[in-house]
Every structure is written in structure tokens, then in C-alpha cells.
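Coordinates in review
Next come the chains, spelled out residue by residue.
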Amino acid sequence: MTTAKDDELLGLLRLNAREPVASLARKLGLSRTTVQDRLRRLEENGTISGYAVKLGSESRAAGLAAMISLGVEPKKQPDVARAVSRIPQVETLYAVSGKFDYVAVVRALSAEEIDRLIDQMTQLAGVTDVETSVILSTKLDRR
């Protein structure tokens, strides 16, 4: 459970996860030690699970992105999720409802590389169906 100050801190980190603790403390009207303690607690309780780099549009434009939907036998889902998570080109893996069980968002340098990723995922034990959608452009990204 987070407090109002925790929520304010998380909002500042969403804008800039690299902002120095001293700067965060000034903006929150708290001591540096208090902010460090809050960050440690938020990390320990799983509210903050990590800090990441968000690539700008120039970097993202250097390749192709695709959504690869996977139908998977129920008993094989944990194994497939582990195998897919070891593929470096996979940015995110979602468990979804509907016709498919998982949707992997992948980024690759070429259409040929995406084709190889599809082949790799199709060959995983338990995968029964695959459908791919190449992402043409981003119309909105609120992350």
C-alpha cells in the first residue's frame, strides 16, 4: 500500500527515473534520507520492480516491432513463458484472454529477423498457434 507521498514520488520517477534523490527530496519537501527509505521500501514490497531506459523515437525507428500472438497448450504455458522470456528481442510478454494465450512484443532490425523469431517461437514445445502483426506506427504511448 502506498501513501500520497509515495504516489507523488512514483509520479516523479515516471517522468525521470534517473532524477537524483536530493532533487526528488526537494520537490517532495522531504529529507534525502526519507526519500531513500521510501525508495527502498517501494523496491522491497515490489511496487518498484526496476528502473529502465525508454528509447526515443529515433532509436525505436532503427528496426521493426511486431506482436506475436501464441496459442499454447495449458500445461505447457509456464515452460513457453520461460523460453520466450529468454529471447533477447522480446520486449514484453503478456498473458491474454481470447483466442491466444500470450502476446510477445518483439523488436528486430529486419523483417528476416522477425521471421526467424516467429520460427523460433513456433518450434517451442506446446505452441499450437501463432499469429503475427507488424507494428507500423505508434499513435499513442503513455508509458
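None of these values were measured; they are calculated from a predicted model. (Residues numbered from 1 in each chain as written. Predicted model: local features only at pLDDT ≥ 70, side-chain atom pairs only at ≥ 80, totals over all residues. Heavy atoms only, no water.)

1. Considerations on the sheet that holds strand β1 (residues 64–72)
Across the sheet, which stays open at both edges, the 4 strands sit in the order β2-β3-β1-β4 with antiparallel pairing between neighbours. The two strands at the open ends of the sheet, each matched to only one other strand, are β2 (90–95) and β4 (127–135). Recorded for the sheet is a direction-independent mean angle of 20° between the axes of neighbouring strands. As paired elements, β2 and strand β3 (residues 102–108) share 5 bridges and run antiparallel to each other. (Pairing = 2+ DSSP bridges. Helix = DSSP H or I, 4+ residues; strand = E, 2+ residues; numbered from the N terminus. Axes fitted to C-alpha atoms, helices over the stretch in contact; angles between N-to-C directions.)

2. Topic: the packing of helix α1 (residues 4–15) against helix α3 (residues 32–44)
Direction vectors running N to C along α1 and α3 enclose 85°, while the axes themselves pass 11 Å from each other. In terms of orientation, α1 and α3 fall into the roughly perpendicular class. Where α1 approaches α3, its residues Lys5, Asp6, Leu9, Leu10 and Leu13 are matched on the opposing element by Val35, Arg38, Leu39, Arg41 and Leu42. In terms of residue class, the contact of α1 with α3 is built from 6 nonpolar, no polar and 4 charged. (Parallel < 35°, antiparallel > 145°, perpendicular 65-115°, else oblique. Contact = heavy atoms within 4.5 Å. Nonpolar A, V, L, I, M, F, W, Y, C, P; charged D, E, K, R; others polar.)

3. A few points about the nonpolar core
Within the largest apolar cluster, 19 residues are counted, with the highest numbers of intra-cluster contacts made by Leu70, Val80, Val84, Val106 and Met121. Among residues more than four places away in sequence, those in contact with valine 84 are Leu70, Val90, Leu93, Ala104, Met121 and Leu124. Judged by nonpolar contacts, the second largest core, of 11 residues, contains Leu9, Leu13, Leu24 and Leu42. (Core = buried A, V, L, I, M, F, W, Y, C linked by side-chain atoms within 4.5 Å. Buried < 20%, exposed > 50% of the residue type's maximum accessible area, 1.4 Å probe, protein only.)

4. Points about the pattern of salt bridges
Oppositely charged side chains may form a pair once their charged atoms are brought near each other. As enumerated under the stated definition, the model contains 8 salt bridges in all. Residue glutamate 19 pairs with lysine 27 through a salt bridge whose shortest N-O separation is 2.8 Å. Taking the relative accessible area as the measure of exposure, glutamate 19 reaches 11% and is therefore buried. Because the salt bridges share partners, they merge into one network encompassing Asp6, Arg38 and Arg41. (Salt bridge = Lys/Arg side-chain N within 4 Å of Asp/Glu carboxyl O.)

5. Regarding the pairing of β3
Extensive coverage of β3 is indicated by the burial of 6 of its 7 residues. One ladder, built from 7 bridges, connects β1 with β3; its direction is antiparallel. Within β3, the residue paired with methionine 67 across the bridge is valine 105. Joining the antiparallel neighbours β2 and β3 is a turn of 6 residues, in which glycine 98 adopts a positive phi near 110°.

6. Digging into the environment of alanine 108
For alanine 108, the position within the fold is in strand β3. Given a relative accessible area of 4%, alanine 108 falls into the buried group. Distance in space between the C-alpha atoms of alanine 108 and lysine 27 is 39 Å, their sequence separation being 81 residues. When residues no more than four places from it in sequence are discounted, the contact partners of alanine 108 are Gly63, Leu64, Glu113, Ile114 and Leu117.

7. Let's talk about α1
Here α1 contains 12 residues, and its C-alpha end-to-end distance of 17 Å stays within 8% of the 16 Å for a straight helix at 1.5 Å per residue. Considering only its buried residues, α1 is in contact with α2 (21–28) and α3. (Expected span 1.5 Å × (residues − 1).)

8. Some words on the side chain of serine 69
Of note, serine 69 is situated in strand β1. If we skip the residues at most four places from it in the chain, serine 69 touches Phe100, Tyr102, Val103, Asp129, Val130 and Glu131.

9. Thoughts on the environment of leucine 124
With respect to the helices and strands, leucine 124 occurs in the loop between α6 (111–122) and β4. Contacts of leucine 124, omitting those with residues within four sequence positions, involve Val80, Ala83 and Val84.

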